[in-house]
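One-letter residues, chain by chain:
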Amino acid sequence: MQNKGLIKLFAILFGLVSLYQLSFTWFTNGVEDKAKMYAESKSDDGKEIANFERVYLDSVANKPVIDLGFAQFSYNDIKDKELNLGLDLKGGINAILQVSVKDILIGLSNDSKNPVFNEALAKATEAQKNSDKNFLDLFFNEFEKLSAGKVKLSDPSIFGNKSLRDKINFKLTDAEVKPIIEAEISGSINTAFEVLRSRIDKFGVTQPNIQRIGNSGRILIELPGAKDIDRVKKLLQSTAELQFWEVYSNQETANFFITANSIVENHLKAEAKEAGSDVDTTAAKTDLNDLLGEVSDSIANKQAANLFTVLTPSIPQSENQISSVIATAKVADTAMVNKYLAMKDVRAALPNEMKYAKFLWDAKSFTSTVSATNEAFELIHLYGIKSNREDVAPIEGDVIDDASQEYGQTSKPEVSMTMNATGTKQWGKMTTENVGKFVAVVLDNYVYTAPSVNTAITNGRTSISGGSMTVVEAQDIANVLKAGKLPAAAHIIQSEVVGPSLGQQAIDASLSSFGLALLIVLAWMIFYYGKAGVFANVALAANLLFIFGILTAFGAVLTLPGIAGIILTIGMAVDANVIIFERIKEELNTGKGLKAAIEYGFSYKGAFSAILDANVTSMLTGVILYVFGTGPVKGFAYTLMVGIVTSLFSAIFITRLLIDWYAGKGKLFTFNTGITKNWFTNIDVEFLKKRKIAYVISSILIIVSLGSLFSNGLNYGVDFVGGRSYVVKFDKTTSASDVSSTLKDVFGDAPEVKTYGEASQLKITTKYKIDEEGNHIDDEVQALLYTGLKSYISSDVSLDEFKPGYDGDKKVGIMSSIKVEPTIADDIKTAAGWAILGSLLVIFLYILFRFRKWQYSLGAVVALFHDVIIVIGIFSLFYKVLPFDMEIGQSFIAAILTVLGYSINDTVIVFDRIREFAGTHTSWKFSTVIDKALSTTLGRTINTSLTTLVVLIAIFLFGGDSIKGFMFALIVGIVVGTYSSLFIASPVLYDTVKKLDKTKK
């Protein structure tokens, strides 16, 4: 092998870089373990633990936690470089939002009352339920039918209005208006994308992912690690509103808070008296002087005996203390404060001039430490907004022309913004009237800033600044200001929620299966190939290091199917070594010397040609999976593709370096052990004589499969038919049929309920109100599920505890959930069909390109069709019988495509040997060529298939419940694929080229 030194240097550098990249994950886990220990020492409540963890991590976010001598890294630095875990391993939410194009059209038409326009919208809405076309095209089609040329899109009552007069006039034809509306829709969706991205950035999860999906108006959002699922959903689906308000000062609200405190205290006393208990308010009472002390000292009191135990008002003692901040509270107490301030008696205590006041929280919390106990609390400021009867802000976000992050006169980050002519006039009026007072910038009912107005601002320019504002925060606010109000409602049409405890279970199960599979493979290679197996194992270990290093370096997200892809890659890496070692053994058996046999085994004419073809076909399958897949399927495809590349490098170069080094010592090197020495040698099976029996067996299997598909059907998952699916854990074994019967009374129709993994865990799937939109529907379904299951769970489990969320060791409740609306389910099903057909076409073309005869392609594709039908048929036959999830969804399609890749891998190895023998043994009949090719590769076929099967079975038995169906499909596929490569692909090839035999007789 040439350039050994260069390859050795590259391998060493590659390994060191991979170790360096992975070290950040190790360091990050260390810091987060400390944060978890700190949080658990402070509380045993899941929500509080999460808050304390965040406080701890925020405190070290920009402090050096690693000092390597030549470089220092903060927690934020190493967090950005760690290996990203997907939802199924970390918990969180994955959602696809549909921005309502219908609402955008209504907005562009200025809420048109034109009957043709509104009927076209209604018909397009109905048509979209059964169509994969986008809403805008459906609307244009319906409008064209209904208008019949009598009403134009440019009509003043539709799009020819004042808002669009610069772009559309009544003279324009429909054909001229359509591209203008398309551009407006695209711009609105871009705006929605920016607003959502700003919200997500503000939410504070690590490694969020947000992407536009083509021009469909759909936006993919992934928030691994997000725990407050309800807040995420509301954050994503609420319409953003940017507003400018006048605000009350703390001087104006001081007396109100003192009065409100007495009202709340009396109310709590009355409640306690009704409940038959006494409330000791002594500890909670504080005089006015105490209220003026340190905020954090007042916050430390936990007893909720009056308003001031959860809220510290800001009461100024001099003009210098007058501020727009009217009070402060712990973040954990904000819900309680809101409840108290909304009480009817408390609202009645507001002075007449303040009767429309509303209270809003700051957009950003801060940490404060109680001096006496050194305990840290997360606090947040409260503001009083001068609202009105209609609750309409004097200035709204549509007046912002531009906003950007800049640096102020003190070199601190700030946000500079420019308003349009209308906004300039309104802003000038507001600032003129409020010189010496305060105004607030509010987004989504959170106050971003409420500065004092020093002078009137009449040029339409102003800035937002704050002492603690970072560059990133300023950039986020600038994005929010530029984005302004969400142009239309966005609702979740597909979501997957995984609780953190289920994610931890998946990690534990994955590590167990991964470790077991790896040990079995390593042991088998040593048992079968002896010293050569040891070298293959070293290369395999390097291969795993390279895979994880690449995934970390490129910021890939590791999912449960991704781990399955890596483990499958182990089998493929072993396959490459097996092909090489078997070829070397063949050459040694012909009498060649060791070095010559090794040289030939690694050469293109030896094993490399077959390895290349097999891996290229697998890579093509991976590419198609990546293009058509989403979420976990994409993760599986990515790791599979990375694994193919690293496996090739490790098998061809690292194994070669080690073998050449050992062979150079002149020691005995046999590529087998005493036990396996004569295994699969001198095999001469006449496979083609058995092809008719194989055809009969395959025909029976295909007929039974097709019969089951027509009569029994398939168990389609929510991916393909729509619905909501929940994995619910109980504290004892629970009957699926009993739960289904109970929930029928709640949902109207009996949901599908089946055991999921352990006997105390059920998967519940329902289509209840799946066609209805809105976050409140999701809440309603979860509440109904909780109500229906109350008799099966402990009475002390609340609805909040039942929902997926904070608890990292959840014992009862929803562990994960999936929601898919019917519209996107149809799209997913269509994409899956194209993925399978695309794979078959690409494989057909590649085989044709490599082997130059269409008969090879035909034999390969017939075998693949055979494999797909039988695997699907087995799922149809047994999904009601076997005790694990056998749904047909995206993961199943990923399994089918993987089976195609593996099956063609086997077939290509045989075809490669057929091509070789046909070229070197020209006197042989073609039937003899095929039989000899199948016989000489039988050792490799069985060895590789058994190794891969052992790996898959280990994952199936010890991996997570969520991938058992996926693994079962792969196991069946490997068995059927191995069979078809021996008894279907090659016989079909032979039967289509019999004329070759005739010419040789």
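Note that the structure is a prediction, hence the values are computed from the model and not measured.

1. Quick look at the overall build of the protein chain
Now for step 1: The helix and strand inventory of the protein chain stands at 34 helices and 24 strands.
Now for step 2: Here the protein chain, with 1001 residues, has 53% of them falling under the buried criterion.
Now for step 3: Across the protein chain, contacts joining residues at least 24 apart in sequence account for 73% of those joining residues at least 6 apart.
Now for step 4: Roughly 43,900 Å² of accessible area belongs to the protein chain as shown, and the carbon and sulfur atoms make up 56% of that amount.

2. Observations regarding the nonpolar core
Now for step 1: One finds F581, F875, F892 and I914 to be the most contacted residues of the largest nonpolar core, which totals 121 residues.
Now for step 2: Those residues in contact with I914 that lie beyond four places of it in its chain are Y856, F926, V929, I930, A933, S986 and L989.
Now for step 3: Judged by nonpolar contacts, the second largest core, of 37 residues, contains I104, F117, A192 and I219.

3. Examining helix α1 (residues 4-42)
Helical periodicity: at 3.6 residues per turn, an α-helix aligns residues three or four positions apart in one direction.
Now for step 1: Over its 39 residues, α1 extends 58 Å from the first C-alpha to the last, a length consistent with the 57 Å expected when each residue adds 1.5 Å.
Now for step 2: Residues of α1 that are buried: I7, A11, G15, S18, Q21, F24, T25, T28, V31, A35 and A39.

4. What about a nonpolar patch on the surface?
Now for step 1: Together, L6, L9, I12, L13, L16 and L19 line one region of the surface with nonpolar side chains, adding up to about 600 Å² of accessible area.
Now for step 2: Within the secondary structure layout, L16 lies in helix α1.
Now for step 3: Accessibility expressed as a relative area gives 52% for L16, which makes it exposed.

5. Focus: the packing of α1 against helix α18 (residues 531-553)
Each pair of packed helices can be described by the angle between their axes along with the distance between the axes.
Now for step 1: Put simply, α1 and α18 touch, their axes get as near as 8 Å, and they point 55° apart. Between α1 and α18, the angle is such that the two are oblique. You can see that α1 and α18 cross each other, and the crossing is left-handed. Each of A11, F14, G15, S18, L19, Q21, L22 and T25 in α1 lies in contact with α18, whose residues at this interface are L545, F546, F548, G549, I550, T552 and A553.

6. Here's the deal with the packing of helix α30 (residues 890-920) against helix α33 (residues 964-992)
Now for step 1: At a minimum axis distance of 8 Å, the contact between α30 and α33 shows a crossing angle of 30°. Crossing of α30 over α33 shows right-handed handedness.
Now for step 2: Along the lines of polarity and charge, the residues of the contact of α30 with α33 split into 14 nonpolar, 10 polar and 1 charged.

7. Quick look at the pattern of salt bridges
Now for step 1: Counted by the stated rule, this structure contains 12 salt bridges.
Now for step 2: Across the salt bridge formed by D391 and K358, the nearest N and O atoms sit 3.0 Å from each other. With D391 in the loop between β12 (375-385) and β13 (395-396) and K358 in strand β10 (residues 358-362), the pair connects residues that are 33 residues apart, well separated along the chain.
Now for step 3: Relative accessible area serves as the criterion here: at 16%, K358 is assigned to the buried category.
Now for step 4: A network of salt bridges, in which partner residues are shared, links E599, R656 and D660.

8. As for empty space enclosed by the protein
Now for step 1: Enumeration over the complete set of coordinates arrives at 6 cavities of 30 Å³ or more.
Now for step 2: Of the pockets and cavities examined, the largest cavity occupies roughly 100 Å³.
Now for step 3: Around the largest cavity, the lining comprises 13 residues; the ones closest to its centre are I579, R583, I909, R913 and T937.
Now for step 4: For the lining of the largest cavity, the secondary structure elements donating two or more residues are α19 (560-589), α21 (604-628) and α30.
Now for step 5: Among the elements that line the lining of the largest cavity, the one with the most residues is α19, at 4 residues.
Now for step 6: Of the residues contributing to the lining of the largest cavity, the split by class is 4 nonpolar, 3 polar and 6 charged.

9. A look at unusual backbone geometry
The bulk of non-glycine residues show a negative phi, and the bulk of peptide bonds are trans.
Now for step 1: Positioned with a positive phi, N110 is a non-glycine residue whose angle comes to about 60°.
Now for step 2: Relative to the helices and strands, N110 resides in the loop between α5 (101-108) and α6 (115-128).
Now for step 3: A positive phi is found at D111, a non-glycine position, where the angle reads about 55°.
Now for step 4: Tracing the backbone shows D111 in the loop between α5 and α6.

10. Details of the pairing of strand β24 (residues 813-820)
Now for step 1: Taking burial as the measure, the 8 residues of β24 include 7 buried ones, the bulk of the element.
Now for step 2: The pairing of strand β21 (residues 723-729) with β24 spans 7 bridges and is antiparallel. If you follow V728 over to β24, its bridge partner there is I814.

11. Things to note about the pairing of β10
Looking along a regular strand, one sees side chains alternate from face to face of the sheet.
Now for step 1: Across the 5 residues that make up β10, a large majority, 5, are buried.
Now for step 2: One ladder, built from 2 bridges, connects β10 with strand β17 (residues 446-449); its direction is parallel. Among the inter-strand pairings, W361 is bridged to a residue of β17, identified as Y446.

12. Examining the confidence of the model for the protein chain
Now for step 1: Counting all residues, the mean pLDDT for the protein chain is 77, and 80% of those residues have values of 70 or more.
Now for step 2: Confidence over residues 280-303 falls short of pLDDT 50; this stretch has 44 contacts with residues more than four positions distant or in other chains.

13. Some details on helix α25 (residues 736-747)
Now for step 1: Its 12 residues give α25 an end-to-end C-alpha distance of 16 Å, which sits within 8% of 16 Å, the value for a rise of 1.5 Å per residue.
Now for step 2: Buried residues of α25: A736, V739, S740, L743 and F747, and no others. All buried residues of α25 project into a common sector of 100° when viewed along the axis, lining one side. Pointing more than 90 degrees away from the buried face of α25 are the exposed residues S737 and D745.
Now for step 3: G748 sits one or two residues past α25 and shows a positive phi near 95°.

14. Section: the packing of aromatic side chains
Now for step 1: Tallied over the entire structure, the rule returns 29 aromatic pairs.
Now for step 2: Plain terms: the ring middles of F10 and F14 are 5.6 Å apart, the flat faces sit at 50° to each other, and that makes the pair tilted. In this pair, F10 and F14 both sit in helix α1, 4 residues apart, roughly one turn of the helix.
Now for step 3: Take F10: its relative accessible area is 46%, and that puts it in the partly exposed class.

15. Concerning the side chain of T334
Now for step 1: With respect to the helices, strands and loops of the structure, T334 is situated in helix α13 (residues 334-341).
Now for step 2: Its relative accessible area of 17% is what places T334 among the buried residues.

Rules behind the numbers
- Here the residue index of a chain counts from 1 through its sequence in written order.
- This being a predicted model, a pLDDT of at least 70 is required before a residue's local features are given, and a value of 80 or more before pairs of side-chain atoms are given or counted; all residues contribute to the totals for chains, interfaces and linings.
- For side-chain calculations, the full set of non-hydrogen atoms in the structure is used, while hydrogens and water are omitted.
- Numbered from the N terminus, helices here are DSSP runs of H or I no shorter than four residues, and strands are runs of E no shorter than two.
- Accessible area is worked out with a 1.4 Å probe on protein chains only. A residue is then buried under 20% of its type maximum, exposed over 50%, and partly exposed in between.
- Here, two residues are considered to be in contact whenever any of their heavy atoms come within 4.5 Å of each other.
- The protein chains shown are the only cover counted for residues, whose accessible areas, like all others here, come from Shrake-Rupley with a 1.4 Å probe.
- Nine residue types can take part in a nonpolar core, namely buried Ala, Val, Leu, Ile, Met, Phe, Trp, Tyr and Cys, and a core is a set of them joined through side-chain atoms within 4.5 Å.
- Expected span of a helix, by definition, is 1.5 Å for each gap between consecutive residues, and there is one gap fewer than residues.
- Here the term patch refers to residues with relative accessible area over 30% and no salt bridge, with like charges joined within 9 Å and nonpolar side chains (Val, Leu, Ile, Met, Phe, Trp, Tyr) within 5 Å.
- Criterion for a salt bridge: a side-chain nitrogen of Lys or Arg within 4 Å of a carboxyl oxygen of Asp or Glu.
- Lines are fitted to the C-alpha atoms to define the axes, a helix being fitted only along its stretch in contact, and any angle between axes, read from their N-to-C directions, falls within 0 to 180 degrees.
- Geometric relationships in this document are graded by angle, where less than 35 degrees denotes roughly parallel, more than 145 denotes roughly antiparallel, 65 to 115 denotes roughly perpendicular, and other angles denote oblique.
- Two helices cross in a left-handed way if the nearer one is turned anticlockwise from the farther one by less than a right angle. They cross in a right-handed way if the turn is clockwise.
- Nonpolar residues are Ala, Val, Leu, Ile, Met, Phe, Trp, Tyr, Cys and Pro. Charged residues are Asp, Glu, Lys and Arg, and all others, Gly as well, are polar.
- Here a cavity denotes a set of grid points, spaced 1 Å apart and computed over the protein atoms alone, in which a 1.4 Å probe fits but from which it cannot get out, and a pocket denotes an open set meeting protein on both sides within 12 Å along at least five of seven lines; residues with an atom within 4 Å of a point are reported as lining.
- Grid points are joined across faces, edges and corners, and a volume is the space filled by probe spheres set on the points.
- For two strands to be treated as a pair, DSSP must find at least two bridges joining them.
- Per residue, pLDDT captures the predictor's confidence, and it can take any value from 0 to 100.
- What the arc covers is the set of directions going from the helix axis to the C-beta atoms.
- Planes of paired rings set the category: under 30 degrees apart is stacked, over 60 is edge-to-face and the rest tilted, where pairs are Phe, Tyr or Trp rings (Trp by its six-membered ring) whose centres lie within 6.5 Å.

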